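So the chains spell out like this:
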Amino acid sequence: MASVTYEHVYKRFGDVIAVNNLDLSVADKEFLVLVGPSGCGKTTALRLLAGLEEITEGRILIGDRLVNDVAPKDRDIAMVFQSYALYPHMTVFDNMAFGLKLRKTPKDEIKRRVQEAAEILGIEALLDRKPRQLSGGQKQRVAVGRAIVREPKVFLFDEPLSNLDAKLRVETRANISKLHQRLQTTFIYVTHDQVEAMTMATRIAVIKSGLLQQLDTPQHLYDHPANVFVAGFIGSPAMNFFNARLEKADGGLVVDAGTFRVPVPPSKVPAFDAHAGKPVIFGIRPEDIHDPHFSPPGIHAAPVSVKVDVTELMGNEIFLYLLAGASNFVGRVDPRTEVRTGMDTQIVFNMDNMHLFEPEGDQRSIG
């Protein structure tokens, strides 16, 4: 197995910088997810590691081995693409075995590896079928199996679940996580879906416009986003943001968003005090907005008057699309709420989980 290191890696396509000074270390046996919006450079970063794109500047190492000039076939990696790329005229067995046959692997060894991979993925009964006889989820497992049989040092996944329906994505997501635990190999996985990233990753690298924004564990990214972009990208629905001012009041601080004023909990005042009197971006997640009748006990609850624009019943919760003056935002509340579309009512913010960001530049987190 092996670690992976990007050292000040750039990739330019003419005047466009697709990967901008990427400095990143992936530990041996880690499951790292590269996440970001379409066109942010995450797939390019993966293709640079695979050798499918040439590095403009910098170094990439697999273990202690510099691979900048190593041919893709000699990098000891295996890649699973969004497209299954199965040979339609070959059986599942032959599709999985094809790469090993090219490497002149002995027949007994090929059979052993294919059988083991099929057992891991639960596709033993499919080995004699052709791709046209398989469902989308089965084709995806065959594509993963084709990578497993190579027994590589590093697995690369480029949005492998994009072609699957919602239920199958959840199931396959869990299967890939179990596969990582079983194989104990380094996984690097690209997706634009932050739910995939949060549920699968050991660590997440959030990328925007070719630049690494933050690298951390899923929970730490959620609790302590480095800037507005990360805060808005991690979490579903996204964090709500309000342009506001931080003001001193009654010996403490309040966030004045114009259409509402909410007090900062005393425990957070020291971290934010230096920004008193300055404009800020106030952030609150939908799950920290509650119906006052069902808010958790012991929180610093700040009431806000709102108009309910739309409600979405999700079964275990209700999404409220709310208006406070000209501000639109979303709350995730207890399904027992009696709040309905068109009502004027009050909700509460859990200010213990509030966030403040700088309004200019990189919009970095305050405190």
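Summarised in this report is the structure supplied together with it. Being a predicted model, the structure only gives us computed values, none of them experimental. (Residues numbered from 1 in each chain as written. Predicted model: local features only at pLDDT ≥ 70, side-chain atom pairs only at ≥ 80, totals over all residues. Heavy atoms only, no water.)

This part covers the sheet that holds strand E4 (residues 57–62). What the four strands build is an open sheet, ordered E2-E1-E4-E5; its pairing is antiparallel. Edge positions in the open sheet fall to strand E2 (16–26) and strand E5 (65–66), since each of these has one partner strand only. Examined bridge by bridge, strand E1 (residues 4–13) and E2 share seven bridges and lie antiparallel to one another. Residue Val9 lies in a different strand from E2, and its bridge partner there is Leu22. Helix H1 (residues 42–50) contacts E1, E2 and E4 of the sheet and is inclined by roughly 115 degrees relative to E1. (Pairing = 2+ DSSP bridges. Helix = DSSP H or I, 4+ residues; strand = E, 2+ residues; numbered from the N terminus. Contact = heavy atoms within 4.5 Å. Axes fitted to C-alpha atoms, helices over the stretch in contact; angles between N-to-C directions.)

Let's shift gears to the sheet that holds strand E15 (residues 289–290). The five strands lie next to each other as E15-E19-E16-E17-E18, forming an open sheet whose pairing is antiparallel. Among the strands making up the open sheet, the edge pair consists of E15 and strand E18 (327–333). The pairing of E15 with strand E19 (residues 344–350) spans two bridges and is classified as antiparallel. Residue pairing for E19: Ile289 is matched across the bridge by Phe349.

When you tally the buried positions in strand E8 (residues 186–191), you get six out of six residues, the bulk of the element. Where burial is concerned, the two faces of E8 agree: the one with Thr186, Ile188 and Val190 and the one with Phe187, Tyr189 and Thr191 are both buried. In this structure, strand E3 (residues 31–35) lies alongside E8, joined through five bridges in parallel fashion. Each bridged residue has a counterpart across the sheet, and for Leu34 the counterpart in E8 is Val190. Relative to E8, strand E7 (residues 154–158) runs parallel, the two sharing five bridges. (Buried < 20%, exposed > 50% of the residue type's maximum accessible area, 1.4 Å probe, protein only.)

With that settled, consider unusual backbone geometry. The amide bond that connects Ser236 to the next residue, Pro237, takes the cis arrangement and shows omega of -5 degrees. With respect to the element layout, Pro237 can be found in the loop between helix H8 (228–233) and strand E11 (240–249). Positive phi is not limited to glycine here, since Glu159 has a value of about 45 degrees. In this structure, Glu159 sits in the loop between E7 and helix H5 (166–183). Despite not being glycine, Ser209 shows a phi value in the positive range, around 50 degrees. When its relative accessible area of 52% is taken as the criterion, Ser209 is described as exposed.

The next subject is the packing of aromatic side chains. What the rule picks out here adds up to 17 aromatic pairs. Centre to centre, the rings of Phe242 and Phe329 are 5.2 Å apart; their planes meet at 75 degrees, and the pair counts as edge-to-face. Remark: Phe329 occurs in strand E18 and Phe242 occurs in strand E11; sequence separation between them is 87 residues. Exposure class is identical for Phe242 and Phe329. Each is buried. (Phe/Tyr/Trp six-rings, centres within 6.5 Å; stacked < 30°, edge-to-face > 60°.)

Once that is clear, we can look at H1. Counting buried positions along H1 gives seven out of nine residues, so the element sits mostly inside the fold. If you check which residues of H1 are buried, you get Lys42, Thr44, Ala45, Leu46, Leu48, Leu49 and Ala50. Following H1 by one or two positions, Gly51 has its phi on the positive side, about 90 degrees.

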